[in-house]
Amino acid sequence: MAPGVRDDTLATMDLAIVGLPQSGKTTVFKALTGGHGSASADGRGESVGAVKLPDDRLYRLAALVKAKKITPIEVFLHDLPALFQRGAAPSGPAGETLARADALLHVVRAFDRPDVPHPSGSVDPGRDITEFDAELMLFDLGVVERRLEKLDITVRSGRPGEREAGEREIALLQRVKGVLEADKPLRNELTNPDDLRALSNFGLLSLKPMLLLLNVGEDKVSEQAAIAAQAQEKYGGPKTRAAAICAKLEAELAELSPDEAAEFRLDLGAPAGGTEVVLEQARELLGLLTFFTAGEKDTRAWSLPVGGTALQAAGRIHTDIERGFIRAEVIDWQKLLELGSHGEARKKGQLRQEGKTYVVQDGDVINVLFNV
Ligand SMILES: Nc1nc2c(ncn2[C@@H]2O[C@H](COP(=O)(O)OP(=O)(O)OP(=O)(O)O)[C@@H](O)[C@H]2O)c(=O)[nH]1
Ligand SMILES: [Mg+2]
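Quick caveat, the model's predicted, so the values are computed rather than measured. (Residues numbered from 1 in each chain as written. Chains lettered and ligands numbered in written order. Predicted model: local features only at pLDDT ≥ 70, side-chain atom pairs only at ≥ 80, totals over all residues. Heavy atoms only, no water.)

Caption draft 1: Geometry of the nonpolar core. Counting residues in hydrophobic clusters, the biggest one holds 48 residues, and the most contacted among them are V18, L98, V176, L186 and L199. Ranked by residue count, the leading element in this core is helix 4 (residues 125-157), at eleven residues. Leaving out residues up to four positions away in the same chain, L98 has contacts with A16, V18, L80, L83, P90, L104, L205 and K208. With 39 residues, the next largest nonpolar core counts L32, L61, A103 and F292 among its residues. (Core = buried A, V, L, I, M, F, W, Y, C linked by side-chain atoms within 4.5 Å. Buried < 20%, exposed > 50% of the residue type's maximum accessible area, 1.4 Å probe, protein only. Helix = DSSP H or I, 4+ residues; strand = E, 2+ residues; numbered from the N terminus. Contact = heavy atoms within 4.5 Å.)

As structure tokens, this is what we get:
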């Protein structure tokens, strides 16, 4: 994000769970929300759930300042019905959710199970990934072509100012069209922040960061990390990442107490933090860092786009704090824990005084001094 530009929408984590029929979307939703989230059917054939982003640093900071309240970063998950069935483009509520999502979580079936038939007849993650991307690109191509038709009229009949803006947009959309026609998802090709801003209202689906989630069978849990690494090698890109999970197992574990779950994991050879890893990957994919405010009333974790400034961090907390910004006192979370308190840090000269343009680092504990 360019310095000085603030966009709160960039700091949210709204993930749409998508994929083919019966790939395990709802099971992934249960796995990710079951343990520490709330799911509510909203009556639109879609479930939404909020999950608190697990972050050990937050709890240690809260213990240090004896916080009365702890507020983690919240991730929103949407369990959508299967898309592109019989070639239909997403529309209605599911279409709206998709258009608004910050990233897509593509659940790719990798588990073998004869009693759950695959719509294409066989289990083939590579084929599904390619076909699903092709659907996203086809959808985007339709959006771009319709927009170009409209712009053509604007440019021919509009006033000079409108005409210029229209021509600029046409140039950008022609570029976008070229990428799509070359069979490339937009997310890995378009990285210029100005382009992204200009395209942000079109709901282009292949432009959204994508986390491929290979849903492996119970017999493959111990190979999960290797499967994820392989998929990353093959399909990864600037805005495409791969992870693996055994959704069915994780959904079951999410219903147990942490101790019981840990014991089962050990027995099954399942890696620890199966669902945490997925959420962490999503955070990285979205280019978000975490900073903290360590108040006694409320100790809180906040997300901010990587490269965001102290002033933008202040704006995340409250617009008044941003408006009245004087300076920020900043210390790395670990250093604060070592020193024991803000007072001690100040005495030892470890509490840094930073101005508006300071670039916030992951793990910073920030106290903004401001005028109202
Ligand atoms: N063995 C195994 N079965 C799974 C796994 N994940 C999902 N399933 C099974 O696959 C079937 C479909 O799972 P769902 O989570 O309902 O799939 P979905 O993608 O939400 O399906 P639709 O919403 O109907 O498109 C269920 O019978 C699940 O129990 C897994 O990791 N292992
Ligand atoms: Mg489902």
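Caption draft 2: A look at the site of ligand 1. G24, K25, T26, T27 and N215 are the nearest of the 18 residues found near ligand 1. A distance of 2.7 Å is found between an oxygen atom of ligand 1 and a side-chain nitrogen or oxygen belonging to K25. Contacts to ligand 1 include V216, whose backbone N or O atom sits 3.3 Å from an oxygen atom. The fraction of the free accessible surface of ligand 1 (650 Å²) that becomes covered by protein chains is 80%. Elements with a contribution of two residues or more to the shell around ligand 1: helix 1 (25-34), strand 7 (210-216) and helix 8 (247-253). No other element matches helix 1, which puts three residues into the shell around ligand 1. (Near = heavy atom within 4 Å. Polar contact = N/O pair within 3.5 Å; in protein donor to acceptor, adjacent residues only side chain to side chain. Areas by Shrake-Rupley, 256 points an atom, 1.4 Å probe, with all protein chains shown as cover.)

Caption draft 3: Just the pairing of strand 8 (residues 240-245), in detail. A large share of strand 8 lies buried, amounting to five of its six residues. Where strand 7 lies against strand 8, six bridges are found, and the strand directions are parallel. Across the sheet, the residue bridging to L213 is A243, located in strand 8. Viewed along the sheet, the connection from strand 7 through helix 7 (residues 224-235) into strand 8 turns out right-handed. (Pairing = 2+ DSSP bridges. Right-handed = clockwise from strand over helix to strand, strands pointing away.)

Caption draft 4: Up close: the pattern of salt bridges. Evaluation of the coordinates by the stated rule reveals 24 salt bridges. Across the pair E74 and K52 runs a salt bridge, and its minimum N-O distance is 3.1 Å. Of this pair, E74 sits in strand 5 (residues 74-79) while K52 sits in strand 3 (residues 47-52); the two residues are 22 residues apart in sequence, bridging distant segments of the chain. Given the relative accessible area of 36%, K52 is considered partly exposed. (Salt bridge = Lys/Arg side-chain N within 4 Å of Asp/Glu carboxyl O.)

Caption draft 5: Expanded view of the side chain of D364. Relative to the elements of secondary structure, D364 occurs in strand 13 (residues 364-370). With no salt bridge to any partner, buried D364 finds its closest opposite charge in R352, at an N-O distance of 4.5 Å. At 2.7 Å, the side chain of D364 forms a polar contact with the side chain of Y358. At 2.9 Å, the side chain of D364 forms a polar contact with the backbone nitrogen of Q361. Dropping the residues within four chain positions of it, D364 is found in contact with T290, F291, F292, V330, I331, D332, R352 and Y358. (Lys, Arg positive; Asp, Glu negative; His and termini not counted.)

Caption draft 6: Quick peek at the pairing of strand 5. Relative to strand 5, strand 1 (residues 14-19) is paired through four bridges, and the arrangement is parallel. What sits directly across from D14, in strand 5, is F76. Sheet topology note: the strand 3/strand 5 ladder contains six bridges and is antiparallel. Looking at strand 5, one finds that K52 is bridged to E74.

Caption draft 7: Spotlight on the packing of aromatic side chains. Under the defined criterion, the tally for this structure stands at one aromatic pair. A ring pair is formed by F291 and W302, whose centres lie 6.3 Å apart and whose planes are at 10 degrees; its orientation type is stacked. Of the two residues, F291 sits in strand 9 (residues 288-294) while W302 sits in strand 10 (residues 299-305), which places them eleven residues apart along the sequence. The lysine or arginine in question, R300, covers the ring of W302, its NZ or CZ lying 4.0 Å from the ring centre. (Phe/Tyr/Trp six-rings, centres within 6.5 Å; stacked < 30°, edge-to-face > 60°. Lys NZ or Arg CZ within 6 Å of the ring centre and 35° of its normal.)

Caption draft 8: Broad picture of the environment of Q224. When you line up the elements, Q224 lands in helix 7. A C-alpha to C-alpha distance of 5.6 Å links Q224 and A244, two positions 20 residues apart in sequence. Residues within four places of Q224 in sequence aside, it is in contact with V216, A244, I245, C246 and P271.

Caption draft 9: Structural context of the packing of helix 4 against helix 5 (residues 160-181). In contact at an axis separation of 9 Å, helix 4 and helix 5 are set at 155 degrees when each is read in the N-to-C sense. It follows from the interaxial angle that helix 4 and helix 5 lie roughly antiparallel. The handedness of the crossing between helix 4 and helix 5 comes out as left-handed. Residues M137, D140, L141, V144, E145, R147, L148, L151, T154 and V155 of helix 4 pack against E162, R163, G166, E167, E169, I170, L173, Q174, V176, K177, L180 and E181 of helix 5. When grouped by side-chain class, the residues that make up the contact of helix 4 with helix 5 number ten nonpolar, three polar and nine charged. (Axes fitted to C-alpha atoms, helices over the stretch in contact; angles between N-to-C directions. Parallel < 35°, antiparallel > 145°, perpendicular 65-115°, else oblique. Left-handed = near helix turned anticlockwise from the far one by under 90°. Nonpolar A, V, L, I, M, F, W, Y, C, P; charged D, E, K, R; others polar.)

Caption draft 10: Here's a closer look at a negative patch on the surface. Taken together, the side chains of D259, E260, E263 and D267 define an acidic patch exposed on the protein surface. With respect to the secondary-structure elements, D259 resides in helix 9 (residues 258-268). A residue is classified by how much of its surface remains accessible, and D259, at 65% relative accessible area, is exposed. (Patch = residues over 30% accessible without salt bridge, like charges linked within 9 Å, V, L, I, M, F, W, Y side chains within 5 Å. Charge placed at Lys NZ, Arg CZ, Asp CG, Glu CD.)

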